[in-house]
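Reading the structure
What follows is the residue order along each chain.
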Amino acid sequence: MADSFATLKASAAEMAAGSIDIERCRDDFPVLNRQVHGKPLAFLDNAASSQMPEQVMRAHTEYHSRYHANVHRGVHLLSQEATEAMEGSRETLRELVNARSTKEIIFTSGATDAINLVMQSWGRANIREGDEILISTMEHHSNIVPWRMLCDEKGAELKVIPVSDDGVLDMEAYASMITDRTRLVGIVHVSNTLGTINPVAEITRIAHERGVPVLVDGAQAVSHMKVDVQKIDCDFYVTSGHKMYGPTGIGILYGKQEHLEKMPPWRGGGDMILSVSFEEVLYNDLPYKFEAGTPNISGAIGMGKAAEYIMSVGYEAIHKKEQELLRYAVEQLQSIDGLRIIGTAPEKSSVVSFVIDGIHPHDIGTILDLEGVAVRTGHHCTQPLMERLGIVATTRASMAMYNRKEDIDQLVAALHKTIEMFR
Ligand code: PMP
């Protein structure tokens, strides 16, 4: 089984890539030195939320201790500095995903909020009765529920691209499911449950041949791989700060300018206007048209710092490190009797979901916690995927750039202990 993973073979590019100085990198993340229940912390829950480096915390503290002020409206120095820092962060995030312009980068409270923005604005303006929205079986609830809500409101149909038993998207089925009524394709870039990396550029190409726009949910991609929205050519791309070493409560929506220009604002209030009277409102230019009210300024600054941190380490080095960890984790976990890995696609990011015969994932998670190992257990907000795979929950270990083989060893030792207890 192990050999069926293409990821198990290190590519030439991976071998040539630069390396992460792991001790220096770990020093940037103070939380990694703490003990949990008297054991060293093995933090393997990065797909839920990754840890923050000191560089991000410092940027956050500096904003609050030196130039805390509201943005865009103030003429005083503190407000100008806050505005500069926040807009600088928008530029860094533009660079991170290679958008054409900062007009295409909208700050949101996260990936979920960004998808809801597209649903409320683009979706409500463009979806009509009888239309179809196409998503996949492996979507996170964030990329299901808003579309289910819209379909219910409009009398549209939500269609679902199937996945194989090993967690690969059925591309043939996908191509055949686009009809003259399809108005949007919504697809996850990297599955949070399976680790599957979807061919989003190819998916977009196929949709565009039929004139259908594509939204990519990149919540699990941006911390692991170079995302180039121009190369993917998607119409919308969303992600969250807290899954890429940044703060919670902040994220971005990338949208092609041509769409964003035409889309009506969703939330109304301060900052998203040019002028207001009781009779008429003139809306602000992009990106502010979609940013009503005081934004999460410290979050935006922190997310920009996190993007800088990722770029300073470099995606090649991150990819090399994480693929090594993935190979090691798969090898080690496969040697455990009764353990089955869920999601064995050839193209995977550093996520390993598994089930163990006769032991509920929640019990596994609780015992692992006592051993200092933080993993996630449950349906991972992908209930329809669980149903498709005929399981109720998995235990998921997800690795980030700062993890070490020792973390996996600690996980494996704790799993052996768990199995002993249930025998
Ligand atoms: N999509 C995917 C694939 C995710 O993993 C998550 C978070 N688990 C989300 C969307 C939602 O992200 P957030 O909760 O930060 O909005």
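1. Quick look at the packing of aromatic side chains
Working definition: an aromatic ring pair is given by the centre-to-centre distance plus the angle between the planes. Taken as a whole and assessed by the stated rule, the structure comprises six aromatic pairs. An angle of 65° between the planes, with centres 5.8 Å apart, marks the rings of phenylalanine 29 and tyrosine 245 as edge-to-face. You can see phenylalanine 29 sitting in the loop between α2 (22-27) and β1 (35-36) and its partner tyrosine 245 sitting in the loop between β9 (236-240) and β10 (251-255), a full 216 residues away along the chain. You'll find phenylalanine 29 and tyrosine 245 in the same group, each marked buried. Seen from their ring centres, phenylalanine 29 and tyrosine 309 are 5.6 Å apart, and the 90° between their planes marks the pair as edge-to-face. Of this pair, phenylalanine 29 sits in the loop between α2 and β1 while tyrosine 309 sits in helix α11 (residues 297-313); the two residues are 280 residues apart in sequence, bridging distant segments of the chain. Of the two residues, phenylalanine 29 and tyrosine 309, both sit in the buried class.

2. Re unusual backbone geometry
The omega torsion across leucine 286 and proline 287 is 0°, close enough to zero to call that bond cis. Relative to the helices and strands, proline 287 resides in the loop between β12 (281-283) and α11. Non-glycine residue asparagine 98 carries a positive phi angle of around 55°. Within the secondary structure, asparagine 98 sits in the loop between α4 (77-97) and β4 (105-108). The partly exposed category is assigned to asparagine 98, whose relative accessible area is 25%. With phi around 55°, histidine 380 is a residue other than glycine that occupies positive phi space. Here histidine 380 is to be found in the loop between β16 (376-378) and α14 (383-389). Under the relative-accessibility criterion, histidine 380 is labelled buried at 8%.

3. So, the site of the ligand
Looking at the ligand, the residues that line it are Ala111, Thr112, His140, Ser142, Val188, Asn192, Asp217, Ala219, Gln220, Ser240, His242 and Lys243. Contact between the ligand and glutamine 220: an oxygen atom at 2.7 Å from a side-chain N or O atom of the residue. At a separation of 2.8 Å, a nitrogen atom of the ligand approaches a polar side-chain atom of lysine 243. About the coverage of the ligand: the protein hides 85% of its 400 Å² of free accessible area.

4. Points about a nonpolar patch on the surface
A cluster of nonpolar side chains, Val276, Val281 and Tyr283, forms an exposed patch at the surface whose accessible area comes to about 270 Å². Considering the arrangement of structural elements, one finds valine 276 in strand β11 (residues 273-276). In this structure valine 276 comes out as exposed when scored by relative accessible area, which is 58%.

5. Structural notes on the pairing of β10
Burial runs high along β10: five of the five residues are buried. On β10, burial covers both faces: Gly251, Leu253 and Gly255 on one face and Ile252 and Tyr254 on the other are all buried. Pairing geometry for β4 and β10, over four bridges, is antiparallel. Across the sheet, residue phenylalanine 107 finds its bridge partner in β10, namely isoleucine 252. Summarising the sheet, β9 and β10 pair through five bridges and their orientation is antiparallel. If you follow phenylalanine 236 over to β10, its bridge partner there is glycine 255.

6. Some points on the domain arrangement of the chain
Domain boundaries assigned for the chain yield domain 1 (2-52 + 314-422) and domain 2 (57-311). Averaged C-alpha coordinates put domain 1 and domain 2 at centres separated by 27 Å. The partner domain 2 presents 37 residues to the 40 residues of domain 1 that form the contact. Buried area between domain 1 and domain 2, summed over both chains or domains, comes out near 3,200 Å², and the portion from carbon and sulfur atoms is 56%. The interface formed by domain 1 and domain 2 includes one salt bridge. The partner of aspartate 165 in a salt bridge is arginine 388, and the shortest N-O contact between them spans 2.7 Å. The interface formed by domain 1 and domain 2 includes 27 residue pairs in polar contact (both at pLDDT 80 or more). Class assignment of the residues belonging to the side of domain 1 that touches domain 2 gives a composition of 21 nonpolar, 13 polar and six charged.

7. Considering the pairing of strand β6 (residues 157-161)
Strand direction decides the pairing type here: strand β5 (residues 132-136) and β6, joined by five bridges, are parallel. By the bridge assignment for β6, glutamate 132 is matched with glutamate 157. As a crossover connection, the stretch from β5 through helix α6 (residues 145-154) into β6 is right-handed.

8. Comments concerning the pattern of salt bridges
Within the structure shown, the criterion is met by 23 salt bridges. Of the charged contacts, one joins aspartate 152 and arginine 148 as a salt bridge, the two residues approaching to 2.6 Å between their closest N and O atoms. Of this pair, aspartate 152 and arginine 148 both sit in helix α6, separated by four residues, roughly a single helical turn. A salt bridge links aspartate 180 to arginine 210, with the shortest nitrogen-to-oxygen separation between them at 4.0 Å. On the criterion of sequence distance, the pair formed by aspartate 180 in the loop between α7 (171-177) and β7 (182-188) and arginine 210 in the loop between α8 (200-209) and β8 (214-217) is long-range, its members being 30 residues apart. What you see here is one network of salt bridges that share partners, running through Lys39, Glu371 and Lys417.

So, how was this worked out
The residue numbers shown here count from 1 along each chain, following its written sequence. Local features in a predicted model are, by the rule used here, given only for residues with pLDDT of at least 70; side-chain atom pairs are given and counted only at 80 or more, and totals for whole chains, interfaces and linings are based on all residues. Computation of side-chain values covers all heavy atoms of the structure but excludes hydrogens and water. Pairing of aromatic rings covers Phe, Tyr and Trp, the last counted by its six-membered ring, and requires centre-to-centre distances within 6.5 Å; plane angles under 30 degrees mean stacked, over 60 mean edge-to-face, and any other angle means tilted. The way it works is that DSSP assigns letters per residue, a run of H or I at least four long becomes a helix, a run of E at least two long becomes a strand, and they are numbered from the N terminus. Buried means the residue's accessible area, taken with a 1.4 Å probe over protein chains only, is under 20% of the maximum for its type, while exposed means over 50%, and partly exposed covers the values in between. Nearness is defined per residue: one heavy atom within 4 Å of the molecule or strand is enough. Each polar contact in these results corresponds to two N or O atoms within 3.5 Å; when the atoms are within protein, one needs to be able to donate a hydrogen and the other to accept it, and residues that are neighboring in sequence are counted only if both atoms are side-chain atoms. Each accessible area is a Shrake-Rupley estimate made with a 1.4 Å probe; only the visible protein chains count as cover when residues are assessed. Every patch collects residues that have over 30% relative accessible area and no salt bridge, joining them within 9 Å if they carry like charges and within 5 Å if they are nonpolar side chains (Val, Leu, Ile, Met, Phe, Trp, Tyr). Here, a salt bridge means any Lys or Arg side-chain nitrogen found within 4 Å of an Asp or Glu carboxyl oxygen. Pairing between two strands is assigned when DSSP locates at least 2 bridges connecting them. For the domain bounds, the source is a domain assignment made automatically or taken from a database. Whether two residues are in contact is decided by their heavy atoms, any of which lying within 4.5 Å being enough. Summed over both partners, buried area is the accessible surface (1.4 Å probe) that two parts give up on being assembled. Each residue is assigned to one class: nonpolar for Ala, Val, Leu, Ile, Met, Phe, Trp, Tyr, Cys and Pro, charged for Asp, Glu, Lys and Arg, and polar for all the others, Gly among them. Throughout, right-handed denotes a crossover for which the path from the first strand over the helix to the second runs clockwise when the strands point away from the viewer.

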